[in-house]
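Working through the structure, step by step
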Amino acid sequence: MIERRVSHSEDDTAAIGADLARALGPGRVVLLYGQLGAGKTAFVRGFAEGRGIPSDEVSSPTFTLIQEYGGGAVYHVDLYRLTPEEVDDLGLEELPERGGVVCIEWADRLPRPLRGAVSVRISDGGGDRRELQITDDARSAMDAEPDYSDR
Ligand SMILES: Nc1ncnc2c1ncn2[C@@H]1O[C@H](COP(=O)(O)OP(=O)(O)OP(=O)(O)O)[C@@H](O)[C@H]1O
Ligand SMILES: [Mg+2]
C-alpha cells in the first residue's frame with residue numbers, strides 16, 4: 001500500500017495522522033521520516049487524537065526518551081539526539097508487544113528495521129505545502145515475494 005497525501009497546513013498533516021490512526025490495528029509501528037520542521041510531531045499529534053488521546057498530551061519527546069499517551073495506547077519516540085547505543089538501549093522491539101502503537105520520529109536513526117512498520121515520509125513542498133508518502137512496509141514486503149503459484 002502506498003498512499004500519497006498533500007497537506008497545506010499543520011492541521012491537514014494532523015488530520016492525515018488521524019486517518020492513519022483509525023486504519024491501524026494494535027502493535028504497529030509508525031516510522032516518521034522528514035527534515036526538521038517537516039511536521040512529524042504534528043502528524044503524531046493528529047495520530048494520537050485519532051486514537052482518542054487529547055492533543056495536549058502530545059509534545060516533542062525531548063527530555064523523556066519514550067513518551068506514553070493514553071495509558072500506553074500510543075508511544076512517541078524521537079531519535080534525533082540519540083547515539084546508536086542509546087537507540088539500542090530503548091528496547092523499541094518490545095514496545096509493540098504491549099499492544100499500543102509506537103510512533104518514531106527520525107526513524108532513519110534506527111539501526112535495524114522494526115516489524116509491523118508503516119513508513120510515513122514527509123517532504124517539504126515549499127511554504128506550508130507538505131507531501132506525505134505512506135507505505136505499509138509489511139504489505140510491500142509481501143508484494144515483493146516471488147509468486148510460485150503457477151509452477
Ligand atoms: N503542512 C504542514 N504540516 C505540518 N506542519 C506545518 C505545515 N505547514 C507549516 N507547518 C509548520 O511546520 C512546523 C512543523 O513542526 P513539527 O514540530 O511538527 O516538525 P517535526 O518534523 O516534528 O520537526 P523536528 O524534526 O524538529 O522534530 C510547525 O511550526 C508547523 O506550524
Ligand atoms: Mg518533532
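See above for the structure.
What comes next is a walk through the structure. (Residues numbered from 1 in each chain as written. Chains lettered and ligands numbered in written order. Predicted model: local features only at pLDDT ≥ 70, side-chain atom pairs only at ≥ 80, totals over all residues. Heavy atoms only, no water.)

Structural notes on the pattern of salt bridges
Side-chain pairs of opposite charge can arise whenever the charged atoms involved come near each other. The tally for this structure, following the rule as stated, stands at nine salt bridges. Notably, a salt bridge pairs D19 with R22, separated by 3.1 Å at the nearest N-O pair. Taken together, the residues span about one helical turn, with D19 and R22 both in helix α1 (residues 10-23) at a distance of three residues. Owing to a relative accessible area of 32%, D19 belongs among the partly exposed residues under this scheme. (Salt bridge = Lys/Arg side-chain N within 4 Å of Asp/Glu carboxyl O. Helix = DSSP H or I, 4+ residues; strand = E, 2+ residues; numbered from the N terminus. Buried < 20%, exposed > 50% of the residue type's maximum accessible area, 1.4 Å probe, protein only.)

Here we look at the nonpolar core
In this structure, L20, V30, L32, F43, F47, C103 and V120 are the most contacted members of the largest nonpolar core, which totals 22 residues. Of all the elements in the fold, those that place two or more residues in this core are α1, β2 (29-33), α2 (40-50), β5 (101-105), β6 (117-124) and β7 (130-136). The contact partners of F43, leaving out residues within four places of it in the chain, are T13, I16, G17, L20, V30, L32, V120 and L132. L82, V87, V102 and W106 belong to the second-largest nonpolar core, a separate cluster that totals 18 residues. (Core = buried A, V, L, I, M, F, W, Y, C linked by side-chain atoms within 4.5 Å. Contact = heavy atoms within 4.5 Å.)

Some points on the coordination of the magnesium ion (ligand 2)
Within the protein, the atoms that donate to the magnesium ion (ligand 2) are T41 (OG1) and E105 (OE), at distances of 2.1 to 2.2 Å. Residue T41 is located in helix α2, and its partner E105 is located in strand β5; the two are separated by 64 residues in the primary sequence. The two residues T41 and E105 agree in class, both being buried. (Donors = N, O, S within 2.8 Å, 3.2 Å for Na, K, Ca; no water.)

Re the environment of G116
On the secondary structure map, G116 appears in the loop between β5 and β6. Beyond its immediate chain neighbours, meaning those up to four positions away, G116 contacts R28 and V29.

A few points about α2
Taking burial as the measure, the 11 residues of α2 include nine buried ones, the bulk of the element. All of the buried residues along α2 are K40, T41, A42, F43, V44, G46, F47, A48 and G50. In this structure, the buried residues of α2 make contact with α1, β2, β4 (74-78), β5, β6 and β7. Just downstream of α2, G52 is the residue with a positive phi angle, here 85 degrees.

Notes on the packing of aromatic side chains
Enumeration over the complete set of coordinates arrives at one aromatic pair. Plain terms: the ring middles of Y80 and W106 are 4.6 Å apart, the flat faces sit at 35 degrees to each other, and that makes the pair tilted. Of this pair, Y80 sits in the loop between β4 and α3 (84-89) while W106 sits in the loop between β5 and β6, placing them 26 residues apart in sequence. Look at Y80 and you get partly exposed, because its relative accessible area is 32%. In this structure W106 comes out as buried when scored by relative accessible area, which is 7%. Here the guanidinium or amino end of R121 rests over the ring plane of Y33, the centre of that ring lying 4.7 Å away. (Phe/Tyr/Trp six-rings, centres within 6.5 Å; stacked < 30°, edge-to-face > 60°. Lys NZ or Arg CZ within 6 Å of the ring centre and 35° of its normal.)

Quick look at α1
With 14 residues, α1 should cover 20 Å at 1.5 Å per step; its first-to-last C-alpha distance of 20 Å lies within 8% of that length. Three or more residues of α1 are buried, namely T13, A14, I16, G17, A18, L20 and A21. On the buried face of α1, the contacting elements are β1 (2-7), β2, α2, β6 and β7. (Expected span 1.5 Å × (residues − 1).)

A word on the side chain of D78
Note that D78 resides in strand β4. The charged side chain of D78 is buried without a salt bridge, its nearest counter-charge being R81 at 4.4 Å. Within polar-contact distance, the side chain of D78 engages the backbone nitrogen of Y80 at 2.9 Å. (Lys, Arg positive; Asp, Glu negative; His and termini not counted. Polar contact = N/O pair within 3.5 Å; in protein donor to acceptor, adjacent residues only side chain to side chain.)

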